[in-house]
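Architecture and fold: a report
Given next are the chains, with one letter for each unit.
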Amino acid sequence: MARGRQPDPKVQRRRLGDTLRVERERVGLTQAEAARAVDWSLSKLLRIENASVGISTSDTKALLAVYGTADDVAEQLLVMARESRRPSWYAKYRKVLSPEYQTLLSYEDSAIAIRHVHPYLVPGLLQTPGYARALLGAAHEGEKLDALIAARVDRQAILHEDPGPELSFLIDEGALHRMVGGPQVMREQLRHLRHLSDKRNIDIRVIPYDAGVHRGLWGPFVTMLLDGGSVIVYVENAGADYIVRDGSPRIDEFAERLSATAEVALSASQTKDFLEDRIAHLVAKPIGPRWTRAR
């Protein structure tokens, strides 16, 4: 079920902190001077501008009064302040989600375009519960495994938002041959991909084996275009995921990798044909293990 598109609290906190800093600089106040004017410690103002803490509407009003902020701008900032203090949808999963992954989720809910590149697996946003359980079950179990799968399913509400972000996925063919969970799980997963490929705002492309070596093989990543034009990249890096923020020279590097990978991918219609052929193959002739490990 769709959650409804609204800015994530973390993103609103960052926007609010940035805008308050701009307002302070507009009137020529240092951070120390602004803090003294509202009888705060300097560290409190620093944390607010750095978005490491939220700010109440009453504190926001106090700062805006010092800055002489115009009424229309002040009203927008007060809305941000209120939204920045509500709980995010993934707050109940914080114990099992890494800080980097939570940052990814915060940006996803505020993005207008999201593009995934994955050379090894079906991206998390597209995974069925069966596929996710088989994948995550290799490293987790019990209540933590159940919570991780529930978080993944809840995250996928973004697929059904109306209006939702533009979503595109570049998936290497090898990911669709790998028997994650076995033939039955993969049939279900492939049918799910084929169904999603018909949605107006979702573009799924397969990079065929014939493409040979391509830039997507360097590793999975996600680029997100945010409202306002800034770009964020989330890099999946074998348990050491990290964020590349707008302004970093590496943003252009990932833009080039995305473009080069898209150039060697099948078209949307060819991808649909590929998925249908793959599903038919699994239905007609389920694949078993080709090799038996020595014991």
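Below you will find a few notes about this structure. What you see is a predicted model, and the numbers here were worked out from it, not measured in a lab.

Quick look at the layout of surface pockets now. By volume, the largest pocket is sized at about 790 Å³. Lining the largest pocket are 31 residues, and of these Y101, L136, R152, E236 and D241 lie nearest its centre. If you list the elements that add at least two residues to the lining of the largest pocket, you get helix 6 (99-108), strand 1 (111-118), helix 7 (129-136) and helix 8 (142-155). At five residues, helix 8 tops the list of elements feeding residues into the lining of the largest pocket.

This paragraph deals with the environment of G54. Inspection of the secondary structure puts G54 in the loop between helix 3 (42-49) and helix 4 (57-67). Note on G54: relative accessible area 28%, which makes it partly exposed. When near neighbours in sequence (up to four residues on either side) are disregarded, G54 contacts R13, I48 and R85.

Attention shifts here to helix 1 (residues 9-26). When the terminal C-alpha atoms of helix 1 are compared, their 25 Å separation across 18 residues agrees well with the 26 Å that a helix rising 1.5 Å per residue should span. By the burial criterion, the buried members of helix 1 are P9, K10, V11, Q12, L16, G17, L20, E23 and R24. Contacts from the buried residues of helix 1 go to helix 2 (31-37), helix 3, helix 4, helix 5 (71-83) and helix 6. Immediately beyond the C-terminal end of helix 1, within one or two residues, lies G28, with a positive phi of roughly 75°.

A word on the packing of helix 10 (residues 183-196) against helix 12 (residues 268-284). Remark: helix 10 packs on helix 12, axes separated minimally by 9 Å, with the N-to-C direction vectors making an angle of 155°. Here helix 10 is positioned roughly antiparallel relative to helix 12, judged by the angle of their axes. For helix 10 against helix 12, the interelement crossing comes out left-handed. Between helix 10 and helix 12, the contacting residues are P183, M186, R187, L190, R191, L193 and R194 on the first element and K272, L275, E276, R278, I279, L282 and V283 on the second. Per-class residue counts for the contact of helix 10 with helix 12 are eight nonpolar, no polar and six charged.

Basis of the calculations
- Residues numbered from 1 in each chain as written.
- Predicted model: local features only at pLDDT ≥ 70, side-chain atom pairs only at ≥ 80, totals over all residues.
- Heavy atoms only, no water.
- 1 Å grid on protein atoms, 1.4 Å probe; cavity = no way out; pocket = protein on both sides within 12 Å on 5 of 7 lines; lining within 4 Å.
- Points joined across faces, edges and corners; volume = space filled by probe spheres on them.
- Helix = DSSP H or I, 4+ residues; strand = E, 2+ residues; numbered from the N terminus.
- Buried < 20%, exposed > 50% of the residue type's maximum accessible area, 1.4 Å probe, protein only.
- Contact = heavy atoms within 4.5 Å.
- Expected span 1.5 Å × (residues − 1).
- Axes fitted to C-alpha atoms, helices over the stretch in contact; angles between N-to-C directions.
- Parallel < 35°, antiparallel > 145°, perpendicular 65-115°, else oblique.
- Left-handed = near helix turned anticlockwise from the far one by under 90°.
- Nonpolar A, V, L, I, M, F, W, Y, C, P; charged D, E, K, R; others polar.

That is the geometry; function is a separate question.
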